[in-house]
Amino acid sequence: MAADDIIAVVRQIAPTLSRSEQRVATTVLADVDYAVHASNGDLARRAGVSEPTVTRFSRSVGCRGVRELKVRLAQAMAVGRIYLELPPHVGTDLARPALWQSVFREIRGAISAVEQQLHKEDIEKAAEAIANCSRLAAFGIGGGSTIAAIEVEHRFFRLGIAVSHSSDPKLMRMVAATLGRNDVVIAISTTGNAAEVIAAATVARQYGALIIAITKPGSPLAATADIALGLHVAEAPDALKPTASRYALLAAIDLLAAATAYCKPREAQARMRRIKYELMKADGSANDPLGD
């Protein structure tokens, strides 16, 4: 735990404090914004303690005084209120149906965003490049982008394309350095600010590879790419739910894979038939998904 994460420090230390200081901790954690802006007297009154107790509490959690405590609380709030305040209905009978509805609504919204934001011409241009490349490399770090990079490999090897994925920063640079003029990189970042992905894409491009970015429009990664497949899904106002942006990434990859298959339909179909045949020889059925 980082020592400058004052909210985490307060949560960890609170059980060891005196009862009066614990009341200050409870008051601060219940409404961090109030604690930042309230006067010492108001904070003390809300906690039901004296002003000197607020000062002692500040020192107990590693601050020189109340002023420094407020500065560090304000810095901690930079992550956003959704990481500090519980969403509506948590702990009530309404929580489960509200969660169910919002999760599926955000998934549908993410996929709809892809449909609206991607351009047919860019997808077709990217698909044509992939269909005719010698090697395809997918780069992505972090949670959703790593999953998406793995998905690129799973979608495109079926088409007979020599494809690999990397999420380790040094390995991405190493792979990028081996690429050439008939190779393609799919660089993935929901924010477009992933420095490691940008660096690897830049290395690959300097050696002649074509860069396709699946990323936020107008981002640094988009500016690095030859073809930018721009998409953006706003973060949901609920830190307890997984972000739906990865569904947007997967939808974009599915669209790109299908468009690539349609560039050489007979070849793609022949390879799919071979995969299906071998799976059925093992233990599959003609009605099962193709290796999914």
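Residues numbered from 1 in each chain as written. Predicted model: local features only at pLDDT ≥ 70, side-chain atom pairs only at ≥ 80, totals over all residues. Heavy atoms only, no water.

Caption draft 1: Up close: the overall build of the protein. Each helix and strand counted, the protein has 14 helices and five strands in total. In the protein, which comprises 292 residues, the share counted as buried stands at 42%. Accessible surface computed for the protein: about 16,100 Å², of which carbon and sulfur atoms make up 54%. (Helix = DSSP H or I, 4+ residues; strand = E, 2+ residues; numbered from the N terminus. Buried < 20%, exposed > 50% of the residue type's maximum accessible area, 1.4 Å probe, protein only. Areas by Shrake-Rupley, 256 points an atom, 1.4 Å probe, with all protein chains shown as cover.)

Caption draft 2: Layout of the packing of helix H2 (residues 19–30) against helix H4 (residues 40–47). Across the interface, H2 lies against H4 with an axial gap of 9 Å and an inter-helix angle of 105 degrees. Classified by the angle their axes make, H2 and H4 are roughly perpendicular. Between H2 and H4, the residues in contact are Arg 23, Val 24 and Thr 27 and Leu 43, Arg 46 and Ala 47, respectively. In terms of residue class, the contact of H2 with H4 is made up of three nonpolar, one polar and two charged. (Axes fitted to C-alpha atoms, helices over the stretch in contact; angles between N-to-C directions. Parallel < 35°, antiparallel > 145°, perpendicular 65-115°, else oblique. Contact = heavy atoms within 4.5 Å. Nonpolar A, V, L, I, M, F, W, Y, C, P; charged D, E, K, R; others polar.)

Caption draft 3: Seen up close, the packing of aromatic side chains. Applying the stated rule across the entire model yields zero aromatic pairs. Looking at Arg 46, its charged tip hangs above the ring of Tyr 34, at a distance of 3.5 Å from the centre. (Phe/Tyr/Trp six-rings, centres within 6.5 Å; stacked < 30°, edge-to-face > 60°. Lys NZ or Arg CZ within 6 Å of the ring centre and 35° of its normal.)

Caption draft 4: Local environment of the packing of helix H9 (residues 143–156) against helix H13 (residues 245–263). H13 packs onto H9 with a crossing angle of 20 degrees between their chain directions and a minimal axis gap of 10 Å. Taken together, the axes of H9 and H13 are roughly parallel relative to one another. As H9 runs across H13, the sense of the crossing is right-handed. Mapping the contact onto sequence places Gly 144, Ser 145, Ala 148, Glu 151, Val 152, Arg 155 and Phe 156 in H9 and Arg 246, Leu 249, Leu 250, Ile 253, Asp 254, Leu 256, Ala 257 and Thr 260 in H13. Looking at the contact of H9 with H13 residue by residue, the class counts come to eight nonpolar, three polar and four charged. (Left-handed = near helix turned anticlockwise from the far one by under 90°.)

Caption draft 5: A look at helix H6 (residues 66–76). Turning to H6, its buried residues number three or more, namely Val 66, Glu 68, Leu 69, Lys 70, Arg 72, Leu 73 and Ala 76. Contacts made by the buried residues of H6 are with helix H1 (6–13), H2, helix H3 (32–37), H4 and helix H5 (51–60).

Caption draft 6: Structural view of the sheet that holds strand S2 (residues 163–166). Taken in spatial order, the five strands of this open sheet run S2-S1-S3-S4-S5, and their pairing is parallel. Strands with a single pairing partner mark the edges of an open sheet, and in this sheet they are S2 and strand S5 (227–230). Sheet twist, expressed as the mean angle between neighbouring strand axes with direction ignored, is 15 degrees. Of the pairings in the sheet, the one linking strand S3 (residues 183–189) to strand S4 (residues 210–215) comprises six bridges and is parallel in character. The residue of S4 that forms the bridge with Ala 187 is Ala 213. Against the sheet, helix H10 (residues 169–178) engages strand S1 (135–139) and S2, with an angle of about 155 degrees to S1. (Pairing = 2+ DSSP bridges.)

Caption draft 7: Representation of the side chain of Glu 21 within the structure. Its place among the elements puts Glu 21 in helix H2. Separated by 2.9 Å, the side chains of Glu 21 and Ser 60 make a polar contact. Each residue touching Glu 21, except ones within four places of it in the same chain, is listed here: Thr 53, Arg 56, Phe 57 and Ser 60. (Polar contact = N/O pair within 3.5 Å; in protein donor to acceptor, adjacent residues only side chain to side chain.)

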